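Observations on chain architecture
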Amino acid sequence: MTATRRLGALTVAPIGLGCMGLSANYGTPPPRADAITLMRRAVDLGVTMFDTAEIYGPHTNEELVGEALEPVRNQVVIATKFWRAGSERDIRSSVEGSLRRLRTDRIDLLYAHRLGEGLAVEDVAGTVADLAREGKVGAFGLSEVGAATIRRAHAVMPLAAVQNEYSLWARESEGAVFDTVDELGIGFVPWSPLGQGFLTGTVRPGQQFGRGDVRSFFPRFTTDALAANAPLADAVVELAQRVGVTPGQLALAWVLAQRPWIVPIPGTRRIGRLEENVAAATLDVDPEVLGELTSTADRIRVRGARGTGRESYS
Ligand SMILES: NC(=O)c1ccc[n+]([C@@H]2O[C@H](COP(=O)([O-])OP(=O)(O)OC[C@H]3O[C@@H](n4cnc5c(N)ncnc54)[C@H](OP(=O)(O)O)[C@@H]3O)[C@@H](O)[C@H]2O)c1
């Protein structure tokens, strides 16, 4: 990967690595040594941003990321998240834990994963600003938020990134969220840019998911929903064949093409797929093909709520 993208004041490679599945939420994680090899391969391929969270595992994913990236700490951007803090003390204690597990003295990009009850977003932003002044945090992000929350937080501590679900089948951030981050100079990090694997064409109607795989309870992955949604994955597969890329690459190229300040973080447990996904950043896909994909996605009404159940970000 050569070109870089901006997330607020951060400069990163155009595709990051979502590390969650290396420890949790997609069934059996790979052996620890393989996961570490995969993350280091990502560094060699030019990936600079690695996404984790205290809740993945919980805690074990940060430990894994910390071990893998310790030798290259100054070449990478480590992004992590704290979960539903109810007080400034909660945020501070999460950050201390993350720093320890990540084997570092600073978190390059710290997100509020979800906002908790009882703590206004302004107070979250104020606490993160204090942590930044103390040198423990580089940049601030919010996850699963709408335009009004983004503005309130940004007024207290400038946001570098908003991380919402975004892909061909999760386009709720188009409109108010995109307009707001564009206006304020904030970057956007799509989580599950491959639609939890669905948009790669490898998840087929009738597929069953084991315990420990979030898709076993996500409404879009029931037998009925998968059958109803199959035309979208089929369209990605067909167009990808037409232009000579893989479906996953086309799904990522589509995300990247939507705005210059978008940096997706696809996740995978397999090195071959990592290489494939990273290569999507340098593809030159015909804008007409991407437009055709948008029109197809516009036409198909996706069956089943998103995993978080949230229907809009407004
Ligand atoms: N902020 C939030 O609330 C939030 C929520 C969820 C996730 N995230 C972040 O976003 C990252 C990415 O999301 P995600 O992992 O849920 O979803 P994703 O990136 O959309 O898809 C991951 C799934 O796709 C498969 N896959 C990956 N590359 C593939 C390829 N080239 N061909 C075929 N299948 C492929 C993976 O299987 P294999 O592993 O078997 O390759 C896995 O099942 C996470 O790692 C996490 O860091 C954030």
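Residues numbered from 1 in each chain as written. Predicted model: local features only at pLDDT ≥ 70, side-chain atom pairs only at ≥ 80, totals over all residues. Heavy atoms only, no water.

1. Overview of the pattern of salt bridges
Going through the model one piece at a time under the given rule, you end up with 24 salt bridges. Its salt-bridge partner being Glu67, residue Arg32 comes within 2.9 Å of it at the nearest N-O pair. Taken together, the positions of Arg32 in helix α1 (residues 32-44) and Glu67 in helix α2 (residues 60-69) put the pair 35 residues apart, joining distant regions of the chain. Among the residues examined, Arg32 registers a relative accessible area of 42% and is labelled partly exposed. On the basis of relative accessible area, Glu67 is assigned to the partly exposed category, the value being 26%. Note that Asp213 is salt-bridged to Arg215, the shortest N-O span being 2.9 Å. In this pair, the class of Asp213 matches that of Arg215, namely buried. Among the charged side chains, a network of salt bridges with common partners joins Arg32, Glu67, Glu70 and Arg103. (Salt bridge = Lys/Arg side-chain N within 4 Å of Asp/Glu carboxyl O. Helix = DSSP H or I, 4+ residues; strand = E, 2+ residues; numbered from the N terminus. Buried < 20%, exposed > 50% of the residue type's maximum accessible area, 1.4 Å probe, protein only.)

2. Structural notes on the environment of Thr222
Inspection of the secondary structure puts Thr222 in the loop between β9 (187-188) and α7 (223-243). A distance of 3.1 Å separates a polar atom in the side chain of Thr222 from the backbone nitrogen of Ala225. (Polar contact = N/O pair within 3.5 Å; in protein donor to acceptor, adjacent residues only side chain to side chain.)

3. Comments concerning the sheet that holds strand β4 (residues 49-51)
Ordered in space as β3-β4-β5-β6-β7-β8-β9, the 7 strands form an open sheet in which the pairing is parallel. The open sheet has two free edges, formed respectively by β3 (17-18) and β9, since each of these has just one partner strand. Sheet analysis places β3 next to β4, joined by 2 bridges and oriented parallel. When the bridges of β4 are listed, Gly18 appears paired with Asp51. Packing against the sheet, helix α3 (residues 88-101) makes contact with β5 (77-83) and β6 (107-114), and its axis sits at approximately 130° to β6. (Pairing = 2+ DSSP bridges. Contact = heavy atoms within 4.5 Å. Axes fitted to C-alpha atoms, helices over the stretch in contact; angles between N-to-C directions.)

4. Quick look at the site of the ligand
Lining the immediate surroundings of the ligand are 30 residues, of which Tyr26, Asp51, Leu194, Thr268 and Arg269 lie closest. Pro193 places a polar main-chain atom, nitrogen or oxygen, 3.4 Å from an oxygen atom of the ligand. Between an oxygen atom of the ligand and a side-chain N or O atom of Arg215, the distance comes to 3.5 Å. Calculation on the ligand without its partners gives an accessible area of 910 Å², and the protein chains cover 95% of this total. For the shell around the ligand, the secondary structure elements donating two or more residues are β6 and α9 (271-279). The element best represented in the shell around the ligand is α9, accounting for 3 residues. Along the lines of polarity and charge, the residues of the shell around the ligand split into 9 nonpolar, 13 polar and 8 charged. (Near = heavy atom within 4 Å. Areas by Shrake-Rupley, 256 points an atom, 1.4 Å probe, with all protein chains shown as cover. Nonpolar A, V, L, I, M, F, W, Y, C, P; charged D, E, K, R; others polar.)

5. Considerations on the packing of α1 against α9
One can describe the packing of α1 onto α9 by two numbers: an axis separation of 10 Å at closest approach and a directional angle of 25°. In terms of orientation, α1 lies roughly parallel with respect to α9. Our pair here, α1 against α9, has a crossing hand that is right-handed. Residues Thr37, Leu38, Arg41 and Ala42 of α1 lie in contact with α9, whose contacting residues are Ile271, Leu274 and Glu275. Split into classes, the residues belonging to the contact of α1 with α9 amount to 4 nonpolar, 1 polar and 2 charged. (Parallel < 35°, antiparallel > 145°, perpendicular 65-115°, else oblique. Left-handed = near helix turned anticlockwise from the far one by under 90°.)

6. Considerations on the pairing of strand β7 (residues 137-143)
The buried fraction of β7 is high, at 6 of 7 residues. Where β6 and β7 come together, 5 bridges link them in parallel fashion. By the bridge assignment for β7, Ile107 is matched with Val137. In this fold, the crossover linking β6 to β7 by way of helix α4 (residues 121-133) has right-handed handedness. Bridge analysis of β7 against strand β8 (residues 159-163) gives 4 bridges, and the strand direction is parallel. (Right-handed = clockwise from strand over helix to strand, strands pointing away.)

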